[in-house]
Amino acid sequence: MILGAIEAGGTKFICAVADEQFNVTERITIKTTDPETTMTQVVDFFKQYETDLAGIGIGSFGPIDAKTTSPTYGHITSTPKLKWRNFDFLNFLKGYFDIPMTFTSDVNASAVGEFHSVENQEVESLVYYTVGTGIGGGAVQKGELIGGQGFTEMGHQLIKRHSDDDYEGTCPYHGDCLEGLAAGPAILGRYEIEGKDLAEDHAYWEILAYYLAQCAVNTTQFYTPDKIIFGGGVMKQEHLFPKIREQFKALNQDYMAVGDLECYITGPSLGDDAAVLGCLEMIKAALSDA
Ligand code: ZN
């Protein structure tokens, strides 16, 4: 039996096949262009494994419709990527492969992947944030995703502005929500360079840490998880983690007991593989439920 996974990101798709123990035997990266071009390559990849392919787990960029009872279940919905707007992802694939599939957001898939990782065996609940071109969050509680069949929009939580920050924010809906102030494009919008080119001692990192620390405080108050993980492109700046922990401590004032902050606020243990592994976990679970 072969399990398939698709991490459908806004800039690239990762397709992978694995055995039942989640050993990935092949993976490819495809550029996200338009649905026809990208999906043709996706189909070609999985066609090679068609005889043994038992199911495909999908984690997609969004917004998506992940409610199984909805008439537009499996669609990418109101995305700013116009070519993908209202794309019927699931039925497109079902047209080529008559096998079970699961469909959730890419960040939910990452949260599930991390939840099942070796490092998090003792963890009963965690919240995973990706901080990249946007900010998304996924929460897992005792193995189940919070948000039921839908998905959450924790990246758009409202936060307090830093007193040294007058940037209007990039979110077309809220302006200065968390994503508007703290995602990658907000660095580009402020300084006209990308985060990876911004000096490590630049004052902005403290501002960003303040925003992500607020996110961690809010998350703690809502979910009291065992762990909060920050992944995604912006978080490749490892120096952010001590700054976030320090500001979390200052904001939390020991109000909520969270234990060792080094373990509580961390980077992903699976690196960039979390979403693919989450997709594999989800399709395997769906197959054994069926
Ligand atoms: Zn927003």
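It should be emphasised that the depicted structure is a prediction, and the values quoted were computed from it without experimental measurement. (Residues numbered from 1 in each chain as written. Predicted model: local features only at pLDDT ≥ 70, side-chain atom pairs only at ≥ 80, totals over all residues. Heavy atoms only, no water.)

Caption draft 1: Structural view of the overall build of the protein chain. Of regular secondary structure, the protein chain possesses 9 helices and 10 strands. Here the protein chain has a C-alpha radius of gyration of 19 Å; the compact-globule value for 290 residues is 19 Å, and the two agree. Overall, the protein chain is about 60 × 40 × 35 Å in size when its C-alpha atoms are taken along their principal axes. Per-residue burial over the protein chain gives 53% buried out of 290 residues. Sequence separation of 24 or more characterises 60% of the internal contacts of the protein chain that already satisfy a separation of 6 or more. Carbon together with sulfur atoms contributes 49% to the accessible area of the protein chain, which is approximately 13,600 Å² in total. (Helix = DSSP H or I, 4+ residues; strand = E, 2+ residues; numbered from the N terminus. Rg over C-alpha atoms; globule rule 2.2 N^0.38 Å. Buried < 20%, exposed > 50% of the residue type's maximum accessible area, 1.4 Å probe, protein only. Contact = heavy atoms within 4.5 Å. Areas by Shrake-Rupley, 256 points an atom, 1.4 Å probe, with all protein chains shown as cover.)

Caption draft 2: Examining the coordination of the zinc ion more closely. Note on the zinc ion: its protein donors are His156 (ND1), Cys171 (SG), His174 (ND1) and Cys177 (SG). The metal-donor distances range over 2.1 to 2.3 Å. Here the zinc ion binds 4 donor atoms, and the angle range of 103 to 118° at the metal identifies the geometry as tetrahedral. Each donor residue of the zinc ion lies on the same chain, and together they follow the pattern H-x14-C-x2-H-x2-C. With relative accessibility at 5%, the residue cysteine 171 sits in the buried group. (Donors = N, O, S within 2.8 Å, 3.2 Å for Na, K, Ca; no water. Tetrahedral: all angles 85-135°; square planar, octahedral: opposite > 155°, others 65-115°.)

Caption draft 3: Focus on the nonpolar core. Counting 38 residues, the largest nonpolar core has Phe230, Ile244 and Ile265 as its most contacted members. Within the residue set of this core, elements represented by two or more residues are strand S6 (125-131), strand S7 (135-141), helix H4 (178-182), helix H5 (184-191), helix H6 (204-223), strand S9 (227-231), helix H7 (240-252) and helix H8 (261-264). Per element, the largest residue contribution to this core is 12 residues, and it comes from H6. With sequence-adjacent residues up to four places away left out, isoleucine 244 is seen in contact with Ala209, Leu212, Ala213, Phe230, Met235 and Ile265. Among the nonpolar cores identified, the runner-up in size contains 30 residues, and Ala8, Met39, Phe45 and Tyr49 belong to it. (Core = buried A, V, L, I, M, F, W, Y, C linked by side-chain atoms within 4.5 Å.)

Caption draft 4: The arrangement of the sheet that holds strand S1 (residues 2-8) in detail. If you trace the 5 strands from one edge of the open sheet to the other, you get S3-S2-S1-S4-S5, paired in mixed fashion. Only two strands of the sheet have a single neighbouring strand rather than two, namely strand S3 (24-31) and strand S5 (101-105). Within this sheet the neighbouring strands show an average axis-to-axis angle of 15°, counted without direction. Sheet strands touched by helix H3 (residues 106-115): S1, strand S4 (53-60) and S5. Its angle to S5, the strand with the most contacts, is close to 105°. Packing of helix H9 (residues 274-289) onto the sheet brings it into contact with S1, strand S2 (12-18), S3, S4 and S5, and relative to S1 it is tilted by some 135°. (Pairing = 2+ DSSP bridges. Axes fitted to C-alpha atoms, helices over the stretch in contact; angles between N-to-C directions.)

Caption draft 5: Structural context of the pairing of S6. Among the 7 residues in S6, 6 count as buried, and that is most of the element. Pairing analysis gives 7 bridges linking S6 to S7, with the strands arranged antiparallel. Residue pairing in the sheet places valine 127 in a bridge with alanine 139 of S7. Taking the residues between adjacent antiparallel strands as the criterion, S6 and S7 are bridged by 3 residues.

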